[in-house]
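Summary of structural features
Okay, here's what each chain looks like letter by letter:
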Number of protein chains: 6
Amino acid sequence: MEQTTYFEDYEIGASRKTSGRTITETDFVVHAGHTGDFFPHHMDAEFMKATPFGQRIAHGTLVFSVGVGLTASVINPVAFSYGYDRLRFIKPVFIGDTIHTRTTIAAKEDDPKRAGSGRLIERIEVVNQHGEVVLAADHIYIVERRTKPA
Amino acid sequence: MEQTTYFEDYEIGASRKTSGRTITETDFVVHAGHTGDFFPHHMDAEFMKATPFGQRIAHGTLVFSVGVGLTASVINPVAFSYGYDRLRFIKPVFIGDTIHTRTTIAAKEDDPKRAGSGRLIERIEVVNQHGEVVLAADHIYIVERRTKPA
Amino acid sequence: MEQTTYFEDYEIGASRKTSGRTITETDFVVHAGHTGDFFPHHMDAEFMKATPFGQRIAHGTLVFSVGVGLTASVINPVAFSYGYDRLRFIKPVFIGDTIHTRTTIAAKEDDPKRAGSGRLIERIEVVNQHGEVVLAADHIYIVERRTKPA
Amino acid sequence: MEQTTYFEDYEIGASRKTSGRTITETDFVVHAGHTGDFFPHHMDAEFMKATPFGQRIAHGTLVFSVGVGLTASVINPVAFSYGYDRLRFIKPVFIGDTIHTRTTIAAKEDDPKRAGSGRLIERIEVVNQHGEVVLAADHIYIVERRTKPA
Amino acid sequence: MEQTTYFEDYEIGASRKTSGRTITETDFVVHAGHTGDFFPHHMDAEFMKATPFGQRIAHGTLVFSVGVGLTASVINPVAFSYGYDRLRFIKPVFIGDTIHTRTTIAAKEDDPKRAGSGRLIERIEVVNQHGEVVLAADHIYIVERRTKPA
Amino acid sequence: MEQTTYFEDYEIGASRKTSGRTITETDFVVHAGHTGDFFPHHMDAEFMKATPFGQRIAHGTLVFSVGVGLTASVINPVAFSYGYDRLRFIKPVFIGDTIHTRTTIAAKEDDPKRAGSGRLIERIEVVNQHGEVVLAADHIYIVERRTKPA
């Protein structure tokens, strides 16, 4: 679905919660196969039994990719993704955990390079079934202004 | 492969280059299916013909996940990944591009929370076959010190 | 995204067009691997050179599954899928074709088994980049009435 | 395997049972990733705990695609698939269920468009490990006649 | 499909040819992700340009697994696979090559460990679209005798 | 990682142990989908309940491909894989087993076809979490000599 939203229309503090997704053993195997990262932390149940985690933990890039993917429901044709700041892996995600993502408009800034656009700081929090934030990041989203400067 | 390297042993400026990997249409389809992000930028060749890119472009999370995955060759059992700063999507990655990753030790800092460890800032650059950096990020890596403070 | 729509709110003739998706060789291979149907029509380029098609053609179930999947953007919590009538494979889909799906409310009927719901006949048409309908079907969708009979 | 069977050679009432296949959580994840349908009914174990099903249920298109795929063991070079009528999702399929498919020749009709062929109505029933039919459909199969009309 | 064939019923020299399958870039990516072998020979098109092959070549285990998989059409419930001798990677398989497998009963031997069974040596040859054998192996198949020794 | 090792540098008896990997239900499903082998031994939990195994067993080609894949960590640019002898499926691998691979240099021979290289016989043993060898094979590895014969 496509919906145009201009920089002016985003309100600081506005928040959105995605649908949930159970992270399966399949997701672990697919992510390892996709990235080539077969470290035993993600792939070797025997090895992990002897660690404080007691079991395999998800790749950080898995939680990030799926957490961001959950937000991909509406296309804004006047915006693009610039990058992320302060991406943090806060808690482990285990096989069988169910995550969703909460996004909050945290700040609006001028874009130093593009007068016709603004920078939106969108706080991304991936949350598990216990309500714990497992991953956080600040998404930098460049959005066109409805009213371009003269 | 496992190899223990302590905080003291990392040298600022030390650099490593991974092997390369051609990003295929399969990787695009796998990443969409893995994350649920089927935006036309990645999946609709007709739609993209009408854009300045002229063709489908890789998901940012794909380039990040595969770029980081390429570095996953040696396990350091006295280190763990804390997060990333300044993750930037610099240039598009197209089907058929071949990327590798260059990592450089950029800085060493005390870890404010863990006296027995230090924070390593590892500069990650994903580079395409033209030598262009397509993605950059600062990896924060927490590594144990050989000599723990008394 | 979730949005409640009752039977009374659907209007005959209302139509919706999904975003597009390029059907890749990967989709052929994934579908064969998912279903176990490795017939040479889908998997053997040499065999197909000698047929009127001249190349591999997509599984009917692939076009149906992806065509229906493209419509899965908004969850209606007061509705469920009952089945399909008149599912027809009209034209072949080749590797590299880009399809989208058009849905049209074609009819509204009482549900003989559920007085509190109605049957919606939703016409599904999967359309390629040349504007040709490649697959059609009538989706039977059972939707609750806002006003339940006494 | 290829085996030529003409329209005349099919007998009404003839029935065939395929081998079985356990539907795994992997199949759910693969089907979501293949079709882009990540609805919580299939992907969110927490959400489904609160429903009468109590757990995730398979996509209708998954059961259909795999159920039909199970029948794809012998190629008949003088036949092709025209479509399906009365496709019905009768019972849910859960992770761990084992299904097989039973096909029965239900009817033989003239093909109104092709004098040299006939229309076979093949009843498809996908059956679970409890002997319950979970999906049914009438497959319309166009088969050449051995004796073409003059 | 299941079909019982006893040791006595196999004839030396009997040969079977499977249907064909085009080996796609997807198969390369899937095999790398499945096995964790991302060596540049299979994954890095730029690297391979500078080699005598000029392009990526399939993993030996890919050609073996798919070549053997092509023969898996009929289950013999009185037989099992013991292993393989003289598995040889004879020619490279490139993306887009179409392979099929030819099996020939090469020898019949007593099974030194099982008086009630015999050892069948089945010659496996994977053949490309140019008629060249790309992989060969001797499959050792243990098959029950119809007439067990007293 | 790339590391040049000449024929002279390999020592008979030298042994290496890879990291471990838990074989998941996902691996079974991926391997079936990759190879087209959907035999009930690997895919039908109900069918296998009635056998001495009591559960699904991994494809022989799965254990071989993953077992060999685990060894693919260091590229030797002066060597290539010639084939395998005495590949044996010794014990079944079940869903949830964790395997690793042990390689041992078993023999060094002249290469009858290439005076400048030698043949290394590398014993491959895939070992499960109980320390049992589940698969064994002799890998034939052709490696260049540092000192080529005059």
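Keep in mind the model is a prediction, meaning the values are calculated, not measured.

1. Here we look at the overall build of chain A
When its secondary structure is counted, chain A shows four helices and six strands. N-terminal to C-terminal, the α/β element order of chain A is β-β-α-α-α-α-β-β-β-β. Over its C-alpha atoms, taken along the principal directions, chain A stretches across nearly 65 × 30 × 25 Å. Here the analysis covers contacts within chain A between residues at least 6 apart in sequence; of these, 71% occur between residues at least 24 apart. Here chain A displays about 6,200 Å² of accessible surface, and carbon together with sulfur accounts for 52% of that area.

2. A look at the UniProt feature "domain: MaoC-like" (unreviewed entry) in chain A
The UniProt record annotates "domain: MaoC-like" (unreviewed entry) at residues 12–110 of chain A. Counted over residues 12–110 of chain A, helix gives 30% and strand 29%. Its end C-alpha atoms are 14 Å apart.

3. Considering the relation of the copies chain C and chain D
Each copy superposes on the other: chain C lies on chain D with an RMSD of 0.0 Å after a rotation of 180° and an axial shift of 0.0 Å. Between the two chains, the operation in question is that of a two-fold axis. Nearest to the rotation axis, the C-alpha of Asp-85 of chain C is located 2.5 Å from it, this being the minimum over chain C. When the interface residues of chain C are mapped onto chain D, 100% of them are again interface residues, pointing to one common binding face.

4. Topic: the packing of helix α1 (residues 25–35) of chain C against helix α4 (residues 60–69) of chain D
At a closest axis distance of 8 Å, the pairing of α1 of chain C and α4 of chain D adopts a crossing angle of 75°. By the angle between their directions, the pair α1 of chain C and α4 of chain D is classed as roughly perpendicular. Seen from α1 of chain C, the contacting residues are His-31, His-34 and Thr-35 of chain C; seen from α4 of chain D, they are Leu-62, Ser-65, Val-66 and Gly-69 of chain D. Classifying every residue of the contact of α1 of chain C with α4 of chain D by side-chain character gives two nonpolar, five polar and no charged.

5. Some details on the interface of chain B and chain A
Between chain B and chain A, the contact holds 33 residues from the first and 33 residues from the second. Taken together, the two surfaces of chain B and chain A that pack against each other cover about 2,700 Å², and 62% of this comes from carbon and sulfur. Here chain B and chain A share two salt bridges between them. A salt bridge links Arg-88 of chain A to Asp-85 of chain B; the nearest nitrogen and oxygen atoms lie 3.0 Å apart. At the surface where chain B touches chain A, the tally comes to 15 residue pairs in polar contact (both at pLDDT 80 or more). Where the side of chain B that touches chain A is concerned, the elements lending two or more residues are α1 (25–35), α2 (40–43), α4 (60–69) and β3 (79–89) of chain B. In terms of residue count, β3 of chain B provides more of the side of chain B that touches chain A than any other element does, nine residues in total. For the side of chain B that touches chain A, a count of residues per class yields 16 nonpolar, 11 polar and six charged.

6. What to know about the pairing of strand β6 (residues 133–144) of chain C
Looking along a regular strand, one sees the side chains alternate between the two faces of the sheet. Residue and element names in this part refer to chain C. Most of β6 is tucked away, with 11 of its 12 residues classed as buried. Across eight bridges, the pairing between strand β3 (residues 79–89) and β6 is antiparallel. Looking across to β6, one finds that Phe-80 is bridged to Ile-142. Note that strand β5 (residues 117–127) and β6 share 11 bridges and pair antiparallel. Bridging across to β6, Val-126 finds its partner in Leu-135. In sequence, β5 turns back onto β6 through a hairpin of five residues, with Gly-131 there showing a positive phi of about 80°.

7. A word on the pattern of salt bridges
Pairing between side chains becomes possible if they bear opposite charge and their charged atoms approach one another. Going through the model one piece at a time under the given rule, you end up with 72 salt bridges over all chains. Of the charged contacts, one joins Arg-102 of chain C and Glu-125 of chain C as a salt bridge, the two residues approaching to 3.4 Å between their closest N and O atoms. Here Arg-102 of chain C is found in strand β4 (residues 98–110), whereas its partner Glu-125 of chain C is found in strand β5, with 23 residues between them in sequence. We classify Arg-102 of chain C as partly exposed; its relative accessible area is 30%. Owing to a relative accessible area of 18%, Glu-125 of chain C belongs among the buried residues under this scheme. Between Glu-109 of chain F and Arg-119 of chain F there is a salt bridge, with its nearest N and O atoms 3.5 Å apart. With a gap of 10 residues between them, Glu-109 of chain F in strand β4 (residues 98–110) and Arg-119 of chain F in strand β5 (residues 117–127) connect regions that are remote in the sequence. A single salt-bridge network, built from bridges that share partners, covers Arg-86, Arg-123 and Asp-138 of chain A.

What counts as what
- Residues numbered from 1 in each chain as written.
- Chains lettered and ligands numbered in written order.
- Predicted model: local features only at pLDDT ≥ 70, side-chain atom pairs only at ≥ 80, totals over all residues.
- Heavy atoms only, no water.
- Helix = DSSP H or I, 4+ residues; strand = E, 2+ residues; numbered from the N terminus.
- Contact = heavy atoms within 4.5 Å.
- Areas by Shrake-Rupley, 256 points an atom, 1.4 Å probe, with all protein chains shown as cover.
- UniProt positions renumbered as here; feature names shortened; annotations may be inferred.
- Least-squares fit on C-alpha atoms with pLDDT ≥ 70 in both.
- Axes fitted to C-alpha atoms, helices over the stretch in contact; angles between N-to-C directions.
- Parallel < 35°, antiparallel > 145°, perpendicular 65-115°, else oblique.
- Nonpolar A, V, L, I, M, F, W, Y, C, P; charged D, E, K, R; others polar.
- Buried area = accessible area lost by both parts, 1.4 Å probe.
- Salt bridge = Lys/Arg side-chain N within 4 Å of Asp/Glu carboxyl O.
- Polar contact = N/O pair within 3.5 Å; in protein donor to acceptor, adjacent residues only side chain to side chain.
- Buried < 20%, exposed > 50% of the residue type's maximum accessible area, 1.4 Å probe, protein only.
- Pairing = 2+ DSSP bridges.

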